[in-house]
Structure formats: structure tokens, C-alpha cells
Amino acid sequence: QVQLVESGGGLVQAGGSLRLSCAASGRTFSTYTMGWFRQTPGKEREFVAAISRSTSSTYYTDSVKGRFTISRDNAKNTVYLQMNSLKREDTAVYFCAADRSGVVGVQTPYEYDYWGQGTQVTVSS
């Protein structure tokens, strides 16, 4: 069992930056593919970014490419999402997730096994 706790959300002006963190419990963090998703009211949970176990591969949805960077520190059991040049449409609750299979490039929510509680990101104009 893995517990995930996100932090770093908040209110930021358009064009600003935020860094989300997701701390994981347990000793098997380095074996999981990690992902970030986001969700707004009435919409499906949307893939944002994912990173492989070894950090050698990263994946992004098109709308955040060039602005967001996913990274992980396996020694600290933590995955990060650096968000730059934020836009109003980035406003959402952001969730981190862990996939036990370790498959590279997983982008669908149902393939992830563990989820954090989410952190709110609000971008104002």
C-alpha cells in the first residue's frame, strides 16, 4: 500500500509559477511509474504528465508541453510538477498517482493504483 500526499497548490496570477510536490510512503516508490492528473468540476480527470521509474522518460499532454516539468527524487520518495507560464485554463485540482506496473507512458487514470487527495491550483487573470 502506498499513500500519496500532494502539496504546493495555491492561487497564482496568469504567467506565474507553482511547484507541486507529492510525497509517497513506503519503500517501493522507485518501482512505480508516477503521474499527475487534473480535474475540474463536471469534467473527467485529465492526464497531465508522467515519469518512468528511472526518470529517463517523461510524458506530457500537449497543452502543458514546454511549460510544465515532471521530475522525481527516488531517494526522497517524492515526485514534482514544476508549472511555469500558468494560464487560467490550468485551474484545477491536481492529483498525483502511482502505477505499480511500472509501465512507461501510462496516461489513463484507471491504470493507476494509488492516488493522493489532490491540491487546488487556481490561476487568476
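Predicted model, so just to flag it, every value in this text is computed and none were measured.

A. Structural detail: the sheet that holds strand E3 (residues 18-24). What the four strands build is an open sheet, ordered E1-E3-E8-E7; its pairing is antiparallel. On the outer flanks of this sheet lie strand E1 (4-7) and strand E7 (68-73), each paired with one strand and no other. Across the sheet, the mean angle from the axis of one strand to that of its neighbour is 15 degrees, orientation sign disregarded. Of the pairings in the sheet, the one linking E1 to E3 comprises four bridges and is antiparallel in character. Within E3, the position partnered with Glu6 by the bridge is Cys22.

B. Focus on the environment of Val64. Mapping Val64 onto the fold places it in the loop between strand E6 (58-60) and E7. For Val64, a relative accessible area of 0% gives the class buried. For Val64 and Ala50, which are 14 residues apart along the polypeptide, the C-alpha to C-alpha distance reads 12 Å. For Val64, the contacting residues outside a window of four places in its chain are Arg38 and Val48.

C. Region of the structure containing the packing of aromatic side chains. Applying the stated rule across the entire model yields six aromatic pairs. In textbook terms, an aromatic cluster arises when at least three aromatic residues are bridged by ring pairs, as seen for Phe37, Phe47, Phe95, Tyr112 and Trp115. Between the NZ or CZ atom of Arg45 and the centre of the ring of Trp115, over which it lies, the distance is 4.8 Å.

D. Looking closely at the state of the cysteines. This structure, assessed with the given rule, holds one disulfide. Covalently, Cys22 is tied to Cys96 through a disulfide, its sulfur atoms 1.9 Å apart. Here the S-S torsion is close to 40 degrees, and the disulfide linking Cys22 with Cys96 is therefore right-handed. Highlighted residues: Cys22 in strand E3 and Cys96 in strand E9 (residues 92-99), separated in sequence by 74 residues.

E. Fine view of the side chain of Asn77. Relative to the elements of secondary structure, Asn77 occurs in the loop between E7 and strand E8 (78-83). Leave out the neighbours within four places in its chain, and Asn77 touches Cys22, Ala23, Ala24, Ser25, Gly26 and Phe29.

F. Examining the pairing of strand E4 (residues 33-39) more closely. Counted residue by residue, E4 has six buried out of seven residues, so it is predominantly covered. Here E4 runs beside E9; their pairing, made up of seven bridges, is antiparallel. Following the sheet pairing, Thr33 is matched in E9 by Asp99. By the bridge criterion, five bridges tie E4 to strand E5 (residues 46-51) in an arrangement that is antiparallel. If you follow Arg38 over to E5, its bridge partner there is Glu46. The turn linking E4 back onto E5 is made up of six residues, and Gly42 within it adopts a positive phi angle of 80 degrees.

What counts and what doesn't
- Residues numbered from 1 in each chain as written.
- Predicted model: local features only at pLDDT ≥ 70, side-chain atom pairs only at ≥ 80, totals over all residues.
- Heavy atoms only, no water.
- Pairing = 2+ DSSP bridges.
- Helix = DSSP H or I, 4+ residues; strand = E, 2+ residues; numbered from the N terminus.
- Axes fitted to C-alpha atoms, helices over the stretch in contact; angles between N-to-C directions.
- Buried < 20%, exposed > 50% of the residue type's maximum accessible area, 1.4 Å probe, protein only.
- Contact = heavy atoms within 4.5 Å.
- Phe/Tyr/Trp six-rings, centres within 6.5 Å; stacked < 30°, edge-to-face > 60°.
- Lys NZ or Arg CZ within 6 Å of the ring centre and 35° of its normal.
- Disulfide = S-S within 2.5 Å.

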